[in-house]
Amino acid sequence: MSIKYNVAVVGATGAVGEELFRVMAELNFPVGELLPLASAKSVGTNIEFNGKEYPVIELTETVFEENEVHIAFFSAGGSISAKFAKYAVEGGAVVIDNTSHFRMEPNIPLVVPEVNPEDIALWRETGIIANPNCSTIQMVQALKPLDDLYGIERVDVSTYQATSGAGKAGMEELVQQMQDFFAFKLDETKKEAFMHQIALNVIPQVDKAMDNGFTKEEEKMIYETQKILHKDIAVAATCVRVPVLRSHSESITVTFDKDIDVNVNKIREAINNFENVEVMDDLPNGIYPMPIISTDTDTTFVGRIRKDIYAQNIVHFFNVADQVRVGAATNSVRIGLKWIELQQDDMIC
């Protein structure tokens with residue numbers, strides 16, 4: 001008989017929380033009891049999972065004492081994780097945190113299961129595993145096989161980030177602004193989720209400005225990549241918000257050791273053979289990754305792979321993945337599944 005695990009989802013009514021339930025069902029996550037947790041204003045609503053309705057319960061400091069929880073997915077914002085994760089750990093749960101709060105803590109593993117699954121074992125020190133930034137996840141999935149192949153020295157990336165990165169409010173704001181545009185009311189439209197109008201526009205700022213001229217989102221991509229790959233790769237990021245509902249895109253330039261003569265066919269093969277990554281790369285026939293292809297999938301798509309015209313050790317490519325799934329919910333669930341494997345291996349030993 002397979003072992004079941006009691007699972008709590010903090011932020012159960014949010015965009016990522018809702019997706020977590022879908023992904024757990026699709027990946028046959030061994031759920032025993034399910035505990036949807038949210039703020040008091042969500043109490044009274046229900047969550048549907050595998051054909052059964054579960055009432056949303058208020059997140060409190062004592063809820064993990066009152067309910068036996070083995071795995072707690074946190075996806076309700078950094079301040080919520082900062083306050084409540086410790087109570088989940090004290091209650092006996094492993095916390096898989098989808099916020100930025102714990103990511104750069106040196107004693108907390110930051111995990112993309114296809115890239116650094118061995119780091120999951122470090123969870124015992126704090127009881128917490130951090131889920132990386134959405135843009136970092138899809139990038140390192142493509143970088144890992146290339147680093148294994150040639151050894152990466154530098155990465156330059158520009159992102160095209162969907163409004164889903166700002167949650168439900170971001171997606172709703174794009175839809176509302178497009179409706180206002182067609183109603184000739186765009187000058188009256190609300191700008192709440194984003195600093196500027198997002199419809200028919202791009203905004204070259206994601207997250208707050210830092211003193212060095214980068215944004216917090218860009219710094220996340222820089223330092224998280226180094227932590228995940230266990231390597232001081234030089235990374236420069238420019239993060240841009242675009243009027244797309246779901247799926248982030250990235251234009252990536254990778255510089256290898258100066259003595260490397262890149263073989264593009266080997267690069268395509270290495271990326272395509274990597275777990276949960278698929279190459280779509282036929283430029284003459286218009287076949288390459290786009291948000292409409294990756295949305296609602298668990299695959300990171302890579303295309304436009306080409307060698308630099310001037311340098312033999314540089315390659316350029318484009319990748320796309322669903323931010324809500326690959327960049328958040330799916331990666332969290334995959335971490336959970338790997339953690340379960342680790343526990344079962346320990347039981348066998």
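Residues numbered from 1 in each chain as written. Predicted model: local features only at pLDDT ≥ 70, side-chain atom pairs only at ≥ 80, totals over all residues. Heavy atoms only, no water.

Participant: Looking at this structure, how should I read the pattern of salt bridges?
Facilitator: Side chains that carry opposite charge are capable of pairing whenever their charged atoms lie near each other. Tallied over the entire structure, the rule returns 19 salt bridges. Asp-156 is the salt-bridge partner of Arg-154, the closest N and O atoms lying 2.9 Å from each other. For Asp-156, a relative accessible area of 26% puts it in the partly exposed group. Its salt-bridge partner being Asp-296, residue Arg-325 comes within 3.8 Å of it at the nearest N-O pair. (Salt bridge = Lys/Arg side-chain N within 4 Å of Asp/Glu carboxyl O. Buried < 20%, exposed > 50% of the residue type's maximum accessible area, 1.4 Å probe, protein only.)

Participant: Just to check I follow, could you spell out the packing of helix α4 (residues 134–149) against helix α6 (residues 216–229) for this structure?
Facilitator: Geometrically, a packed helix pair is captured by the angle between its two axes and the distance between the axes. α6 packs onto α4 with a crossing angle of 40° between their chain directions and a minimal axis gap of 9 Å. Comparing their axes, α6 and α4 come out oblique. Of the two elements, α4 crosses α6, and the hand of that crossing is right-handed. Here Cys-134, Ser-135, Thr-136, Met-139, Val-140, Leu-143 and Lys-144 of α4 lie close against α6, whose contacting residues are Glu-217, Lys-220, Met-221, Glu-224, Thr-225, Ile-228 and Leu-229. When the residues that make up the contact of α4 with α6 are grouped by side-chain class, the tally is 7 nonpolar, 3 polar and 4 charged. (Axes fitted to C-alpha atoms, helices over the stretch in contact; angles between N-to-C directions. Helix = DSSP H or I, 4+ residues; strand = E, 2+ residues; numbered from the N terminus. Parallel < 35°, antiparallel > 145°, perpendicular 65-115°, else oblique. Left-handed = near helix turned anticlockwise from the far one by under 90°. Contact = heavy atoms within 4.5 Å. Nonpolar A, V, L, I, M, F, W, Y, C, P; charged D, E, K, R; others polar.)

Participant: Where do I start with the packing of aromatic side chains in this structure?
Facilitator: Centre-to-centre distance and the angle between the planes together describe a pair of aromatic rings. For the structure on display, the rule yields 9 aromatic pairs. Three or more aromatic residues link up through ring pairs in this structure, and these residues are Tyr-5, Trp-123 and Trp-339. (Phe/Tyr/Trp six-rings, centres within 6.5 Å; stacked < 30°, edge-to-face > 60°.)

Participant: Is there a simple way to think about the side chain of Glu-224 in this case?
Facilitator: By secondary structure assignment, the location of Glu-224 is in helix α6. Setting aside anything within four residues of it in sequence, one finds Glu-224 in contact with Arg-103, Met-104, Leu-110, Pro-132, Asn-133, Thr-136 and Glu-219.

Participant: Sorry if this is basic, but what is going on with the sheet that holds strand β5 (residues 57–58) here?
Facilitator: The parallel open sheet is built from 6 strands, whose spatial order is β5-β2-β1-β6-β7-β8. Either end of the sheet is taken by a strand with one partner, and the two such strands are β5 and β8 (128–130). Here helix α1 (residues 15–26) sits on the sheet and contacts β1 (5–10), β2 (31–38) and β6 (71–74); the angle it forms with β1, its principal contact strand, is near 155°. Seen against the sheet, helix α3 (residues 78–90) touches β1, β6, β7 (94–97) and β8 and runs at an angle of roughly 180° to β6. (Pairing = 2+ DSSP bridges.)

Participant: I tried to follow the sheet that holds strand β11 (residues 248–256) on my own but got confused; where do I start?
Facilitator: Adjacent strands of a sheet form backbone hydrogen bonds with each other and so pair up, either parallel or antiparallel. The 6 strands lie next to each other as β10-β9-β11-β14-β13-β12, forming an open sheet whose pairing is mixed. With one partner strand each, in any of the chains shown, β10 (234–241) and β12 (277–279) form the two edges of the open sheet. The mean inter-strand angle of the sheet, taken between neighbouring strand axes irrespective of direction, is 20°. When β11 meets strand β14 (residues 314–321), the two strands line up antiparallel, connected through 8 bridges. Bridge pairing in β14 places Glu-250 opposite Asn-319.

Participant: Please clarify how the layout of surface pockets should be interpreted in this entry.
Facilitator: Taking a probe equal in size to a water molecule and rolling it over the atoms shows the remaining empty space. As a volume, the largest pocket reaches approximately 890 Å³. Around the largest pocket, the lining comprises 43 residues; the ones closest to its centre are Ser-75, Ala-76, Gly-77, Asn-98 and Gly-165. Listing elements by their share of the lining of the largest pocket, those giving two or more residues are α1, α3, α5 (167–182), α6 and α9 (325–348). Tallied by class, the residues present in the lining of the largest pocket amount to 14 nonpolar, 20 polar and 9 charged. (1 Å grid on protein atoms, 1.4 Å probe; cavity = no way out; pocket = protein on both sides within 12 Å on 5 of 7 lines; lining within 4 Å. Points joined across faces, edges and corners; volume = space filled by probe spheres on them.)

Participant: Could you clarify how one ought to interpret the pairing of strand β3 (residues 46–49) in this entry?
Facilitator: Note on strand geometry: in a regular strand, side chains alternate between the two faces of the sheet. Here β3 shows a buried face lined by Ile-47 and Phe-49 and an unburied face lined by Asn-46 and Glu-48. Both β3 and strand β4 (residues 52–55) contribute to a ladder of 4 bridges, which runs antiparallel. Of the residues in β4, the one forming a bridge with Phe-49 is Lys-52. Following β3, the chain reverses through 2 residues before pairing antiparallel with β4; Asn-50 in that reversal takes a positive phi of roughly 50°.

Participant: What exactly am I supposed to notice about the side chain of Thr-300 here?
Facilitator: Its place among the elements puts Thr-300 in strand β13 (residues 300–307). Thr-300 has contacts with Gln-138, Gln-141, Asn-276, Val-277, Glu-278, Asn-319, Val-320, Ala-321 and Val-326, leaving out every residue within four places of it along the chain.

Participant: For this particular structure, what's the right way to read α1?
Facilitator: Each turn of an α-helix holds 3.6 residues, which means side chains three or four residues apart point in the same direction. Between its first and last C-alpha, α1 extends 17 Å over 12 residues, near the 16 Å set by a 1.5 Å rise per residue. Along α1, the residues that are buried comprise Ala-15, Val-16, Gly-17, Glu-19, Leu-20, Phe-21, Val-23 and Met-24. Looking one or two places after α1, you find Asn-28, whose phi comes out positive at around 55°. (Expected span 1.5 Å × (residues − 1).)

Participant: How should I be thinking about the environment of Ala-25 in this particular structure?
Facilitator: Secondary-structure assignment places Ala-25 in helix α1. Ala-25 gets classed as partly exposed once you look at its relative accessible area, which sits at 26%. For Ala-25, the residues in contact, after removing those within four places along its chain, are Phe-49 and Asn-50.

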